[in-house]
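So the chains spell out like this:
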Amino acid sequence: MKRWNKIMSSMLAASVAAMALAGCGSSSGSSTTATSSAAAATEAAASTTEAASSDTAASGETFKIGVIGPLTGGAAQYGTGVANAAKIAVDEINADGGINGYQVELQSEDDALDNQQSVNCYNTLKDWGMQFLLGSVTSACSIAVSEETHNDNMFQLTPSGSAVDCVKYDNAFRVCFSDPNQGTKSAQYIGEHKLATNVAIIYDSSDVYSSGITNTFVTEAANQGLNIVSQTAFTADSKTDFSSQVQQAKDAGADLVFLPIYYTEAALILQQANSIDYHPTFFGCDGLDGILSVENFDTSLAEGVMLLTPFAADASDELTQKFVKAYKDAYGDTPNQFAADAYDGVYAIKAAAEKANVTPDMSVSDICDAMKTAMTEISISGLTGDPITWTADGEPEKEPKAVVIKDGAYVSAD
Amino acid sequence: MKKKLNKSTWTYIVVILVWAVVMILQQAGALSSHLQGLLVPATYYAIVAVGLNICVGILGELSLGHAGFMCVGAFSSSLFSIAMQDKLPVGIRFPLALIIGIAVAALFGFLIGIPVLRLNGDYLAIVTLAFGEIIKNILNALYLGVDSHGLHASFTSQMALGMDADGTMLINGPMGISGTPRDANFTVAIVILLIALFVAQNLVNSRDGRAIMSIRDNRIAAESVGVNITHYKMLGFVVSAAIAGAAGVLFSHSISTLQAGSQYFGYNVSILILVYVVLGGIGNISGSVLAAAVLYLLPELLRALSSYRMLIYSIVLIAVMLFNWAPAARNWRAKVAASLKKTFGRKERA
């Protein structure tokens, strides 16, 4: 038996080593999204000849944008929205001649909403030869990855990482509003439009995004003359039964319930409020975006729900309509705000890259240095704002829009 | 020269060999950065699997809270490292952080052990499961900050701390701790793994270890020959928790943000660690290391399969389980082993 163990352990050690070596080769470009056909063909040839090389300079003639987000699991709608929209934007750019005349390649990696996996994704993409990172989609992952991008001086633009710390390094920018920003803007919107005076808050105390918004909302609510009559929390482990939170809000006489949470839980809250015959105004932030596509959810319950989000799929401007149509044609689904953020993100990368006049043969660090300055100089007219500009501390400047759900669709509230 | 190397020595040799191969590949630049990033996590899961194996395999008690011990080890050492970041050089800071993480995890193991290890049956599983969840929820709700007036703590919100403007947050509720210095690297992790293996394997072969195993095999018989049941149970459990704490220290020092989220320290993670132990063989220390390393690396190395990777991963888990435990597979393995033994044995004796 001892010898058996010996054999077994040496065999497995060998297989681990073999897997390690195999890992190097397979990490480059296997699931690369095809770009325009000509470029794809040359690139495919390039990636086979240079499969073992992880050197960015060697990949040559294309720009490589990496996307990191949750493509599986509970937050998959966000990740897939971002990945799909980035793909649409990249395809458009390629059809239009690329960035500075170079074609663009895109690769998306799944982090399953886990910090460590997000860093793993980043390393995978780095091996692939990524020059610009569009990600991570969620806040905590984005913070973890920003430590890595900061070390490598890689340009990072998170489409939807809204926590303050996501952009604490000068190489990191974001497309969406920050959490404090969302909380303040929500309170201001409710105050200015006189939506309510008595407000209840139900939030996820175990979530960075949710508690971040709640903190600033509470602070700003005082300035807006809003009365917070009930503030109840749940955690990631107890997010199926909200009856006590809803009951408390009802008992406190709140005429507006602020839900700075994600859509999955919000859908349950709406159902449970309906079952106790409680019909206040529900108001949320961008996390509620996606509530209409929750499976088995009676969308009539979401009638009248308001959310502060920079993107409404029904907007009448040409850009939005074109994007929504392209998205629906390709994926059979209405894009959410995350998708819009990602689409704008890709175009922001394009605008900044053109402004800085970077080329793919530059090193990642040189590209990043050039992009840092260029980002503050560009102004793009995107889906989530027109115009969007960036400050040197990585924050976007754009106007928030409120959206209300009417007849099972998102409609601008104004 | 005739003396055969025993199994534990082989384990050390294989671990050191893997380290050497990885180091050579790294120096040669043949290791992708993806794989380099996986080395430390794979090692700390191997360490915690060794720790849990002491509890499950040697002591014979089921623990479903080892992620909780990792969690306390990670948070306590992380707090220390942040506080001492500018005051101590890394060569002193990290070993101290490691000791603190281990000590805190061991302390919690001891506190849990006092009431629970006096009981018989599956109570430990229930209590450790609860412990892991409680620790995670407390840390998730905890706001800890420091300013010129000293420490501030709150369980409600950051605002409730009432800190001065110059204050810095240490633990920021669900956002956890950010900015832990990244002191852990693969070499350090391997050294800790070797120490954990050394502790585990020497425990098994010691007088204490035999006493612990006698409790596992037959509690009444052990008691009748004068083995102090509670004492030895406690010894095994505290060592197990301490090793999990060491893994936690590596966890927090290999990534800059630390959160007490379910995906890092929830009961699913505890069960994942248990899966490593079971698939590596209960009571088989080196098997735990191997199972943890392979099963951690596998889903990452399957990234090329994109959406299919989790499907393949679960199929592999089932296959390994059948290979290890199904009677038919065991018979086949025994047959193969016997025939191999024959050929190899003849060669060696000749």
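In every chain, residue numbers begin from 1 and rise along the written sequence. Whichever chain is written first is A, and whichever ligand is written first is 1; the rest continue in order. In view of the model being predicted, local features appear only for residues whose pLDDT reaches at least 70, and side-chain atom pairs are presented and counted only at 80 or more, with totals across whole chains, interfaces and linings using the full set of residues.

Describing the overall build of chain A
Phase 1: Helix and strand counts for chain A come out as twelve helices and 15 strands.
Phase 2: To sort residues by exposure, count the other C-beta atoms lying within 10 Å of each residue's C-beta; 20 or more gives buried, 12 or fewer gives exposed, and values between give partly exposed, all with C-beta atoms placed from the backbone. Counting over 414 residues, chain A shows a buried share of 55%.
Phase 3: C-beta atoms are first placed from the backbone for all residues, and any pair lying within 7 Å is then listed as a contact. For chain A, the proportion of contacts with a sequence separation of at least 24, taken over those separated by at least 6, is 69%. Labels follow the DSSP assignment, with helices taken as runs of H or I lasting at least four residues and strands as runs of E lasting at least two, numbered in each case from the N terminus.

Comments concerning the domain arrangement of chain A
It is common to give the size of an interface as the accessible area lost on bringing the parts into contact.
All names here are of chain A.
Phase 1: For each domain, the first and last residues come from an automatic or database assignment. For chain A, the domain assignment lists domain 1 (59–176 + 323–397) and domain 2 (180–309).
Phase 2: Distance between the C-alpha centres of domain 1 and domain 2: 29 Å.
Phase 3: Listed by partner, the interface residues are eleven residues for domain 1 and eleven residues for domain 2.
Phase 4: Residue polarity follows a fixed list, in which Ala, Val, Leu, Ile, Met, Phe, Trp, Tyr, Cys and Pro are nonpolar, Asp, Glu, Lys and Arg are charged, and the others, Gly among them, are polar. The class makeup of the residues in the side of domain 1 that touches domain 2 is four nonpolar, six polar and one charged.

Focus on unusual backbone geometry
All names here are of chain A.
Phase 1: For the bond running from G135 to S136, omega is -5°, close enough to zero to count as cis.
Phase 2: Relative to the helices and strands, S136 is located in the loop between strand 3 (132–134) and helix 5 (139–152).
Phase 3: That bond from D386 to P387 is cis: its omega, 5°, falls within 30 degrees of zero.
Phase 4: Turning to its location among the elements, P387 is positioned in the loop between strand 11 (379–380) and strand 12 (388–390).
Phase 5: Phi is positive for A112, which is not a glycine, with a value near 50°.
Phase 6: Assignment of secondary structure puts A112 in the loop between strand 2 (103–110) and helix 4 (115–128).
Phase 7: Here A112 falls in the buried class, since 20 other C-beta atoms lie within 10 Å of it.
Phase 8: At N153, a residue that is not glycine, the phi angle is positive and equals roughly 55°.
Phase 9: One can find N153 in the loop between helix 5 and strand 4 (155–158).

Some points on helix 2 (residues 33–58) of chain B
Residues that lie three or four places apart on an α-helix share one face, since the helix turns once every 3.6 residues.
Residue and element names in this part refer to chain B.
Phase 1: Look at helix 2: 37 Å from first C-alpha to last across 26 residues, which is about the 38 Å you get at 1.5 Å a residue.
Phase 2: Throughout, bend refers to the angle between the axes fitted to the seven residues that end at a position and the seven residues that start at it. Taken as a whole, helix 2 carries its principal kink of about 30° at L52.
Phase 3: Among the 26 residues of helix 2, 24 are classified as buried, and the element is accordingly described as predominantly covered.
Phase 4: Backbone geometry just after helix 2 places G60 at a positive phi near 75°. Between the first and last residue of a helix there are one fewer steps than residues, each counted as 1.5 Å, and that sum is the expected span.

Some remarks on the nonpolar core
Phase 1: We define the nonpolar core as any set of buried residues of the types Ala, Val, Leu, Ile, Met, Phe, Trp, Tyr and Cys, connected via C-beta atoms lying within 7 Å of each other. Within the largest apolar cluster, 123 residues are counted, with the highest numbers of intra-cluster contacts made by A86 and Y343 of chain A.
Phase 2: Residue contributions to this core peak at twelve residues, all from helix 11 (residues 337–356) of chain A.
Phase 3: Taken domain by domain, the makeup of this core includes at least three residues from each of domain 1 (59–176 + 323–397) and domain 2 (180–309) of chain A.
Phase 4: With residues up to four places along the chain from it excluded, the contact list for A86 of chain A reads V67, L106, L134, A342 and V346 of chain A.
Phase 5: Ranked by size, the runner-up nonpolar core spans 102 residues in total, among them L35, I47, I192 and V289 of chain B.

Some remarks on the pairing of strand 9 (residues 281–284) of chain A
All names here are of chain A.
Phase 1: When strand 8 (residues 256–259) meets strand 9, the two strands line up parallel, connected through four bridges. Note on strand 9: the bridge partner recorded for V257 is F282.
Phase 2: When the strands point away from the viewer, a crossover counts as right-handed if the route from the first strand across the helix to the second turns clockwise. The parallel pair strand 8 and strand 9 is bridged by helix 9 (residues 263–275), and the resulting crossover is right-handed.
Phase 3: As paired elements, strand 9 and strand 10 (residues 306–308) share two bridges and run parallel to each other. Within strand 10, the position partnered with G284 by the bridge is L307. Any two strands with at least two DSSP bridges between them are considered paired.

Notes on the environment of K168 of chain A
Residues and elements named next belong to chain A.
Phase 1: Locating K168 in the fold gives a position in the loop between strand 4 and strand 5 (172–174).
Phase 2: For K168, a count of 16 C-beta atoms within 10 Å translates into the label partly exposed.
Phase 3: It is 10.0 Å that separates the C-alpha atoms of K168 and E395, two residues lying 227 residues apart in sequence.

As for the packing of helix 4 (residues 90–116) of chain B against helix 9 (residues 229–254) of chain B
Residue and element names in this part refer to chain B.
Phase 1: A fitted line through C-alpha atoms represents every axis, and for helices the fit uses only the stretch in contact; the resulting angles, taken between N-to-C directions, go from 0 to 180 degrees. Look at helix 4 against helix 9: their axes get within 7 Å of each other, and the N-to-C directions meet at 140°. Taken together, the axis directions place helix 4 and helix 9 in an arrangement best described as oblique. Helix 9 is crossed by helix 4, and the crossing has right-handed handedness. The segment helix 4 lies against helix 9, with F94, A97, L98, G101, I102, V104, A105, A106, F108, G109, F110 and G113 engaging M234, F237, V238, S240, A241, A242, A244, G245, A246, G248, V249 and H253.
Phase 2: For the contact of helix 4 with helix 9, the residue count by class is 17 nonpolar, seven polar and no charged. Angles below 35 degrees are treated as roughly parallel, those above 145 as roughly antiparallel, those between 65 and 115 as roughly perpendicular, and all remaining angles as oblique. Crossing handedness is defined as follows: a turn of the near helix away from the far one that is anticlockwise and smaller than a right angle gives a left-handed crossing, while the clockwise case is right-handed.

Here we look at the sheet that holds strand 1 (residues 143–147) of chain B
All names here are of chain B.
Phase 1: Here three strands make up an open sheet; going across it, the order is 2-1-3 and the pairing antiparallel. A single partner strand is all that each edge strand has here, and the edge strands are strand 2 (150–154) and strand 3 (168–172). Each adjacent strand pair in this sheet contributes to an overall mean axis angle of 20°, direction not counted.
Phase 2: In this structure, strand 1 lies alongside strand 2, joined through five bridges in antiparallel fashion. Among the inter-strand pairings, G145 is bridged to a residue of strand 2, identified as H152.

Things to note about the sheet that holds strand 3 of chain A
Residues and elements named next belong to chain A.
Phase 1: Across the sheet, five strands lie side by side as 2-1-3-4-5; this open sheet has parallel pairing. In this open sheet, the two strands that pair with only one neighbour each are strand 2 and strand 5. Adjacent strand axes in the sheet meet at a mean angle of 20° when their direction is disregarded.
Phase 2: Sheet topology places strand 1 (residues 62–69) next to strand 2; eight bridges connect them, and they run parallel. Bridging across to strand 2, G66 finds its partner in Q107.
Phase 3: Packing of helix 3 (residues 76–95) onto the sheet brings it into contact with strand 1, strand 2 and strand 3, and relative to strand 2 it is tilted by some 170°.

Thoughts on the confidence of the model for chain B
All names here are of chain B.
Phase 1: What pLDDT expresses is the predictor's confidence in each residue, scored from 0 to 100. Averaged over all residues, the pLDDT of chain B is 88; the fraction at 70 or higher stands at 97%.
Phase 2: Within chain B, no element has a lower average pLDDT than helix 14 (residues 327–349), which sits at 79, and none a higher one than helix 9, at 95.
Phase 3: Scored as a complex, the prediction yields pTM 0.78 and ipTM 0.79.

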